[in-house]
Amino acid sequence: MIGLMIKDLRHYAITLLVLGAGMPLYFSLAHGTIDSTAVYLIVGYLYLLTLAAIFAAELNESRYRGYEVLAALPVRPRSVVAGKFMLVLLTATAYTAVMWAFFARIGADTGAVDVARRWLLLNASASILVAGCSYLGAFRFGFDRWVWGHIFLMVISFAIPIALNESVEREILSGGTPLGRFIAGIDPLALCVVALGLFAGLWYAAAIVREGRDV
C-alpha cells in the first residue's frame, strides 16, 4: 500500500504546496485579519485540492493502464483502494492542520477563530466524503466514464462555501446568524468521528467494487 501511495504522492504534493502554501500567503498579504471571505475560500479550496489531485492521479492511471498492470501483480485490490483513500485522508488532515494554525495567526477575535475552525472541520469532514464518493464512482463506472461526474463534484463542492459567502451575512463569524449558531454548536470531535466512520464505509464499498472488476 505504501508503494502505491508514493506513486500518487506527487499529484497531491503539487496541489498541497500550491494551495496549502498559497492561500495563507495571499490572505496574510491581502487581509491581515480573519473574515468570512478568507474562511469560505480557504475551506472551499480543500475540496478543490483533494478532487484535483484525484483527477490527476486517475488520469495518469487511465493513460498508462495502471490498474491493468496492478491486476497482473500480487497486489490485493483492497490495498490499491486503501492507498488511494489514505492519500485523500492524509492530504485533508495536513491542509486542515495548517489552516487550523493559520486561523489563529490572522484572527483578532478568539470567538471568530473558534467558529472558523469549526467551519474548517465541517468542510474537512465533508471533503473526504465527497472524495470517497468520487472514488467509489470511478471504481464503479471506470474513470473514463466517471470523469464528468468527478468534474461536477469538483465544481459543486468548491462552489458551495463560496456561494454561502455571498448569501449569508458577513457577521456569520460572530455566530449571530442561524448558520453561525449552528456552526458554533457543532462538536468537532463527534463530527470527525462520524466522518471517519463514513469514509471507512466508502473505502469498504469501493474495495468490494474494485475486487469485482478485477475478477
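Just above sits the structure.
Basis of the calculations
Residues numbered from 1 in each chain as written. Predicted model: local features only at pLDDT ≥ 70, side-chain atom pairs only at ≥ 80, totals over all residues. Heavy atoms only, no water. Helix = DSSP H or I, 4+ residues; strand = E, 2+ residues; numbered from the N terminus. Contact = heavy atoms within 4.5 Å. Core = buried A, V, L, I, M, F, W, Y, C linked by side-chain atoms within 4.5 Å. Buried < 20%, exposed > 50% of the residue type's maximum accessible area, 1.4 Å probe, protein only. Phe/Tyr/Trp six-rings, centres within 6.5 Å; stacked < 30°, edge-to-face > 60°. Salt bridge = Lys/Arg side-chain N within 4 Å of Asp/Glu carboxyl O. Axes fitted to C-alpha atoms, helices over the stretch in contact; angles between N-to-C directions. Parallel < 35°, antiparallel > 145°, perpendicular 65-115°, else oblique. Left-handed = near helix turned anticlockwise from the far one by under 90°. Nonpolar A, V, L, I, M, F, W, Y, C, P; charged D, E, K, R; others polar. Patch = residues over 30% accessible without salt bridge, like charges linked within 9 Å, V, L, I, M, F, W, Y side chains within 5 Å. Areas by Shrake-Rupley, 256 points an atom, 1.4 Å probe, with all protein chains shown as cover. Expected span 1.5 Å × (residues − 1). 1 Å grid on protein atoms, 1.4 Å probe; cavity = no way out; pocket = protein on both sides within 12 Å on 5 of 7 lines; lining within 4 Å. Points joined across faces, edges and corners; volume = space filled by probe spheres on them.

So, the environment of Ala 92
Then, in step 1: With respect to the helices and strands, Ala 92 occurs in helix 4 (residues 77-106).
Then, in step 2: When the C-alpha positions of Ala 92 and Leu 49 are compared, they lie 8.5 Å apart, and in sequence the two are 43 residues distant.
Then, in step 3: Residues in contact with Ala 92, not counting those within four places in the same chain, are Leu 46, Ser 127 and Ile 128.

Looking at the nonpolar core
Then, in step 1: Ranked by size, the top nonpolar core spans 45 residues in total, and within it Ile 42, Val 88 and Phe 103 carry the most contacts.
Then, in step 2: Those elements that place two or more of their residues in this core are helix 1 (2-30), helix 2 (36-63), helix 3 (66-71), helix 4, helix 5 (110-141) and helix 8 (188-214).
Then, in step 3: When near neighbours in sequence (up to four residues on either side) are disregarded, Phe 103 contacts Ile 34, Val 39, Ile 42, Val 113, Ala 116, Arg 117 and Leu 120.

Thoughts on the environment of Phe 102
Then, in step 1: Structurally, Phe 102 can be placed in helix 4.
Then, in step 2: Taking relative accessible area as the criterion, Phe 102 reaches 6% and is therefore assigned buried.
Then, in step 3: Considered as a pair, Phe 102 and Pro 24 are 78 residues apart in the sequence and their alpha carbons are 6.9 Å apart.
Then, in step 4: Those residues in contact with Phe 102 that sit more than four places away from it in its chain are Pro 24, Phe 27, Ser 28 and Ile 42.

Overview of the packing of aromatic side chains
The relation between two aromatic rings is expressed through the spacing of the ring centres and the mutual angle of the planes.
Then, in step 1: Taken as a whole and judged by the stated rule, the model has seven aromatic pairs.
Then, in step 2: Summarising the aromatic geometry, the rings of Phe 85 and Phe 199 are spaced 5.1 Å apart at their centres and angled 45° between planes, so their arrangement reads as tilted. Separated by 114 residues along the polypeptide, Phe 85 in helix 4 and Phe 199 in helix 8 bring together distant segments of the chain.
Then, in step 3: A relative accessible area of 2% means that Phe 85 is categorised as buried.
Then, in step 4: Among the residues examined, Phe 199 registers a relative accessible area of 6% and is labelled buried.
Then, in step 5: Ring centres 6.5 Å apart and planes at 55° place the aromatic pair Trp 203 and Tyr 204 in the tilted group.
Then, in step 6: Through pairs of rings, three or more aromatic residues link up here, namely Phe 85, Tyr 135, Phe 139 and Phe 199.

Structural notes on the pattern of salt bridges
Then, in step 1: In the structure shown here, the tally under the stated rule is three salt bridges.
Then, in step 2: Across the pair Lys 84 and Glu 58 runs a salt bridge whose closest N-O atoms are separated by 3.0 Å. Placement of Lys 84 in helix 4 and of Glu 58 in helix 2 is noted, with a sequence separation of 26 residues between them.
Then, in step 3: Overall, the relative accessible area of 3% leaves Lys 84 in the buried class.
Then, in step 4: Here Glu 211 and Arg 78 are joined by a salt bridge, their closest N and O atoms 2.9 Å apart.

Comments concerning the packing of helix 2 against helix 5
Then, in step 1: Across the interface, helix 2 lies against helix 5 with an axial gap of 9 Å and an inter-helix angle of 20°. If you check the angle between helix 2 and helix 5, you find them roughly parallel. As helix 2 runs across helix 5, the sense of the crossing is right-handed. Here helix 2 contributes Val 39, Tyr 40, Val 43, Leu 46, Tyr 47, Thr 50, Leu 51, Ile 54 and Glu 58 to the contact with helix 5, which in turn contributes Ala 116, Trp 119, Leu 120, Asn 123, Ala 124, Ala 126, Ser 127, Val 130, Ala 131, Ser 134 and Tyr 135.
Then, in step 2: Of the residues that constitute the contact of helix 2 with helix 5, the class distribution is 15 nonpolar, four polar and one charged.

Some points on a nonpolar patch on the surface
Then, in step 1: A cluster of nonpolar side chains, contributed by Phe 152, Val 155, Ile 156 and Ile 160, occupies part of the molecular surface with about 380 Å² of accessible area.
Then, in step 2: Mapped onto the elements of the fold, Phe 152 is located in helix 6 (residues 143-167).
Then, in step 3: When its relative accessible area of 53% is taken as the criterion, Phe 152 is described as exposed.

With respect to helix 5
Then, in step 1: Taking 1.5 Å as the rise per residue, helix 5 with 32 residues should run 46 Å; its terminal C-alpha atoms sit 46 Å apart, in good agreement.
Then, in step 2: With its phi angle positive at about 90°, Gly 142 sits one or two positions after the end of helix 5.

Overview of the layout of surface pockets
Then, in step 1: Looking at the second largest pocket, its volume works out to about 200 Å³.
Then, in step 2: If you go around the second largest pocket, the residues you meet are Leu 89, Ala 92, Thr 93, Thr 96, Ala 97, Leu 121, Ala 124, Ser 125, Ile 128, Cys 192, Ala 195 and Leu 196.
Then, in step 3: Contributing elements (two or more residues each) for the lining of the second largest pocket: helix 4, helix 5 and helix 8.
Then, in step 4: Looking at the lining of the second largest pocket, the element that brings in the most residues is helix 4, giving five residues.
Then, in step 5: Residues that form the lining of the second largest pocket fall into these classes: nine nonpolar, three polar and no charged.

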